[in-house]
Amino acid sequence: MRIVVAGGGTAGWMAAAAFGHFLDAGFTVTLVESEEIGTVGVGEATIPQIRMFNQALGIDEDAFIRATQATFKLAIEFVGWGAPGERYMHAFGDVGRDVGLCAFHHIWSRGHRLGLAGPLGNYAINDIAAHAGRMHRGSPLTSRNVPEMPHAFHFDAGLYAAFLREFAEGRGVIRREGKIADVRKEPLSGDITALVLASGEEIAGDLFIDCTGFRGLLIGGAMGSGYVDWTNWLPCDRALAVPSGRVEDFTPYTRATAHTAGWQWRIPLQHRTGNGRVYCSAFTSDEEAAESLLAHLDAPALADPRPIRFTTGRRVEAWRGNVIAVGLSSGFLEPLESTSIHLIQSAISRILKFMPGKEQTQAERDAYNHQFTFEMERIRDFIVLHYHVNQRPEPFWQAMREMALPDSLAERIELFRANGHIFRHGDELFSEVGWFQVMAGQGIVPKRSHALAETIDEADLKSYLETLNGLYRREVERYPSHAEFIVQHCAAPPINLGVAA
Ligand SMILES: Cc1cc2nc3c(=O)[nH]c(=O)nc-3n(C[C@H](O)[C@H](O)[C@H](O)COP(=O)(O)OP(=O)(O)OC[C@H]3O[C@@H](n4cnc5c(N)ncnc54)[C@H](O)[C@@H]3O)c2cc1C
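Position labels on residues start from 1 in each chain and follow its written sequence. In keeping with the model being predicted, local features are shown solely for residues with a pLDDT of at least 70 and side-chain atom pairs are shown and tallied solely at 80 or more, while totals for entire chains, interfaces and linings include all residues. Excluded from the side-chain calculation are hydrogens and water; included are all heavy atoms of the structure.

Draft legend 1. Local environment of the packing of aromatic side chains. Classification of ring pairs uses Phe, Tyr and Trp, with its six-membered ring standing for Trp, and accepts pairs whose centres are within 6.5 Å; under 30 degrees between planes counts as stacked, over 60 as edge-to-face, and the remaining range as tilted. As enumerated under the stated definition, the model contains 27 aromatic pairs in all. Ring geometry for Phe64 versus Phe163: centroids 6.1 Å apart, planes at 65 degrees, classification edge-to-face. Of this pair, Phe64 sits in helix H3 (residues 61–68) while Phe163 sits in helix H6 (residues 157–169); the two residues are 99 residues apart in sequence, bridging distant segments of the chain. Buried, partly exposed and exposed residues are distinguished by accessible area as a fraction of the type maximum, computed with a 1.4 Å probe on protein chains only: under 20%, between the cut-offs, and over 50%, respectively. In this structure Phe64 comes out as buried when scored by relative accessible area, which is 0%. Relative to Trp397, the ring of Phe396 has its centre 5.1 Å away and its plane inclined at 85 degrees; by these criteria the two rings are edge-to-face. The two residues Phe396 and Trp397 agree in class, both being buried. To qualify as a helix, a DSSP run of H or I must reach at least 4 residues; to qualify as a strand, a run of E must reach at least 2; elements of each kind are numbered from the N terminus.

Draft legend 2. Focus on the sheet that holds strand S19 (residues 319–320). When DSSP finds two or more bridges between two strands, those strands count as paired. What the six strands build is an open sheet, ordered S7-S2-S1-S11-S20-S19; its pairing is mixed. Each edge of the open sheet is held by one strand with a lone partner, namely strand S7 (174–177) and S19. Pairing of strand S2 (residues 28–33) with S7, which is carried by four bridges, proceeds in the parallel orientation. Note that in S7 the partner of Val32 across the bridge is Arg176.

Draft legend 3. Local environment of the domain arrangement of the protein. In terms of domain boundaries, the protein breaks down into domain 1 (2–44 + 156–231 + 312–360) and domain 2 (238–309). Relative to domain 2, the C-alpha centre of domain 1 lies at a distance of 28 Å. Residues are treated as being in contact if the distance between any of their heavy atoms lies within 4.5 Å. Between domain 1 and domain 2, the contact holds ten residues from the first and 13 residues from the second. In total, about 870 Å² of surface goes out of reach between domain 1 and domain 2, with carbon and sulfur atoms giving 60% of it. Broken down residue by residue, the surface that domain 1 buries against domain 2 is led by Val42, Glu44 and Asp156, which jointly contribute 47%. By definition here, a salt bridge exists when the distance from a side-chain nitrogen of Lys or Arg to a carboxyl oxygen of Asp or Glu is within 4 Å. At the surface where domain 1 touches domain 2, the tally comes to two salt bridges. Taking the shortest distance from any N to any O, the salt bridge between Asp156 and Arg272 comes out at 3.1 Å. For the domains described, the bounds stem from an automatic or database domain assignment. Accessible area that two parts lose when put together, with a 1.4 Å probe and added across both, is what the buried area reports.

Spelled out as structure tokens, the structure:
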């Protein structure tokens, strides 16, 4: 069985690394990439699932951090999303602890209504550690009543692809440099039989993984799988990315700050900080966006802002014929919750589960595409939630507030407003805890408390919340600072990136 991966960005090299690691005799894996075309070069914040990918491949975490100039990530801080000046964290891991059958979010909501609860983040160890700029890995130091802190990473996308390339080539993946100019097809089935490079060389295969980025060269170009456009719900269509100088005390969290017609990311790495502005071209100009981006850096820019254009949405079919799209070729959701690299990982694990043979059936493709669509739509809803529930005054934000929502999201918000219920649907990515942090963080208050939360004595409720907060705070005080933790375990060699004139 010959697998051909088209494209060598994050998606291409993650796929090649996984195939090289998990598939042995009977499979060959060839990756084709073009240095001339290059990669999108962004995608530097992740969610904790990336650790499962690294662990499955047997990658040592500290070696990976050193190789990619990575830092740890415990949360995303949202600044100005509910209203200008407000801020909250979407922290990884649990918030509080359930009491019997009563979920913590119901307990907190009642405490909040009675004026007995502090901010939600007081009850999430990741939030407390992120605010304090502290880091710890593994079992808590003091007490088994304190949870572990799940973490992810910020890393340099270019260094990550290089790291995975070395890993993949070490496991037999063959890399071919060249520009894909055409494809050969089997006349009856329409399946691709070979990629034709500009040099005339042909690369034959049985299964083609399209990792050609926004171009979607194989899935869209050769196979004609259309695109479902979600611009009506997520109208931001441009981004500007710019690195800035290293900050000494880097935060263990990503920051996403709302601005006039979009938002700005800040991703601190060991050697520099990644920044970018995502914006809606119907509400602001490229010049305004660039000026505002540069005015909100916390260190000098190291280059000129790099423009990127995109259309939010997904492929109608991510698997068509013998082509499966992975990464940006399969669709795009803006990086507000750092989900794209996770979607790559999830697609790779789905491909490995299906592991199509030479004879592929439509039933397999339908099942795969159904799972892909479900996953994308749920994440889409989560991102739309951030935009929709706002009290910001600018025209862009008013339009976001007034837009008609996808039914699946409208139902979810209505249920939460009524009595604080949140239910995870199937194996969607974000749990009740994630949905709750964003709903509460952006100011949605349920009208009624859950009946079980109502039965808790007020004094008990107060003492329970105080105990949890005290326990987590005392634990976090023992942890080293994020910067100290990195020095102790995984400091990367310094890189001098210089400062743009
Ligand atoms: C503004 C922005 C910010 C983002 N931030 C995040 C984030 O914080 N976290 C996150 O998880 N994700 C983020 N993403 C998404 C993330 O960047 C991508 O998911 C990731 O980089 C994967 O890209 P890719 O490999 O699919 O495409 P690319 O990186 O574009 O790679 C495409 C590859 O295909 C090759 N190619 C294309 N055409 C040809 C051809 N004709 N012949 C040969 N080779 C060809 C290219 O050379 C390249 O190697 C962000 C995306 C954008 C746009």
